[in-house]
Amino acid sequence: MITEIIEYKLKEGADEEKFLAEAKKFHDYFKTTFKGFIDQEFTKGEEGWISIMHWETMEDVKACGEVLKTGPQEIAGYAALTDRTSTKLTFLEQKLYLT
């Protein structure tokens, strides 16, 4: 399993409630569109937002990335509220999972 961590900030003046509504649409699009997508959570900290996504394989992540380069309209509202210049991506491969 791959964990994708996306750190970012919202654009100046962006409405948080609108962002969360768009985040739900973003999630729904991923859930219905991308093979290997497992789940996602949106968290907020002092330095901005963190989205944590889980994928079955890195190949699934890469396939998603190719589609996102085209700027799908389904996530345009979400993209319009985030500051892309603040985005930092981290990919982690799970080696051991304990509950």
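Student: For the nonpolar core, give the residues involved together with the corresponding values.
Tutor: One finds Tyr 8, Phe 19, Phe 30, Phe 34, Met 53 and Trp 55 to be the most contacted residues of the largest nonpolar core, which totals 19 residues. The dominant element in this core, judged by the number of residues it contributes, is helix α1 (residues 16-33), at five residues. In this view, Phe 19 contacts Tyr 8, Leu 10, Phe 42, Trp 49, Tyr 78, Leu 81 and Thr 82; residues no more than four positions away in its chain are not counted.

Student: So what's going on with the side chain of Glu 4? Residues and values would help.
Tutor: Along the polypeptide, Glu 4 turns up in strand β1 (residues 2-10). Here Glu 4 sits buried without a salt bridge, and the closest side chain of opposite charge, Arg 84, lies 10 Å off (N-O distance). Separated by 2.9 Å, the side chains of Glu 4 and Trp 55 make a polar contact. Ignoring any residue separated from it by four or fewer positions in sequence, one finds Glu 4 in contact with Ser 51, Ile 52, Met 53, Trp 55, Val 61, Leu 89, Thr 90 and Phe 91.

Student: For the packing of aromatic side chains, give the residues involved together with the corresponding values.
Tutor: A complete count under the given rule lists 16 aromatic pairs for this structure. Both rings, one in Phe 26 and one in Phe 42, keep their centres 6.4 Å apart while their planes meet at 75°; by these two values the pair is edge-to-face. Of this pair, Phe 26 sits in helix α1 while Phe 42 sits in strand β2 (residues 37-45), and the two are 16 residues apart along the sequence. Assessed through its relative accessible area of 6%, Phe 26 is described here as buried. Judged by its relative accessible area of 23%, Phe 42 falls in the partly exposed class.

Student: Describe the sheet that holds strand β3 (residues 48-55), and please don't skip the residues or the numbers.
Tutor: Across the sheet, four strands lie side by side as β2-β3-β1-β4; this open sheet has antiparallel pairing. Looking along the sheet, the strands with just one partner apiece sit at the ends: β2 and β4 (82-93). Strand-to-strand twist in this sheet, taken as the mean axis angle between neighbours without regard to direction, amounts to 20°. Taken strand by strand, α1 contacts β1, β2, β3 and β4, and its axis lies near 165° from that of β2.

Student: Account for the pattern of salt bridges, with residues named and values stated.
Tutor: Side chains that differ in sign of charge can pair as their charged atoms come close. Applying the stated criterion across every chain yields a total of seven salt bridges. For Glu 22, the salt bridge is made with Lys 25, and the minimal N-O distance between the two is 3.3 Å. With Glu 22 and Lys 25 both in helix α1 and three residues apart, the pair spans about one turn of that helix. Judged by relative accessible area, Glu 22 falls into the buried class, the value being 11%. Using a relative accessible area of 46% as the deciding quantity, one classes Lys 25 as partly exposed. Between Lys 35 and Asp 60 there is a salt bridge, and its shortest N-O distance comes to 3.3 Å. Of this pair, Lys 35 sits in the loop between α1 and β2 while Asp 60 is found in helix α2 (residues 58-68), placing the two residues 25 residues apart along the sequence. Accessibility expressed as a relative area gives 6% for Asp 60, which makes it buried.

About the cut-offs
- Residues numbered from 1 in each chain as written.
- Predicted model: local features only at pLDDT ≥ 70, side-chain atom pairs only at ≥ 80, totals over all residues.
- Heavy atoms only, no water.
- Core = buried A, V, L, I, M, F, W, Y, C linked by side-chain atoms within 4.5 Å.
- Buried < 20%, exposed > 50% of the residue type's maximum accessible area, 1.4 Å probe, protein only.
- Helix = DSSP H or I, 4+ residues; strand = E, 2+ residues; numbered from the N terminus.
- Contact = heavy atoms within 4.5 Å.
- Lys, Arg positive; Asp, Glu negative; His and termini not counted.
- Salt bridge = Lys/Arg side-chain N within 4 Å of Asp/Glu carboxyl O.
- Polar contact = N/O pair within 3.5 Å; in protein donor to acceptor, adjacent residues only side chain to side chain.
- Phe/Tyr/Trp six-rings, centres within 6.5 Å; stacked < 30°, edge-to-face > 60°.
- Pairing = 2+ DSSP bridges.
- Axes fitted to C-alpha atoms, helices over the stretch in contact; angles between N-to-C directions.

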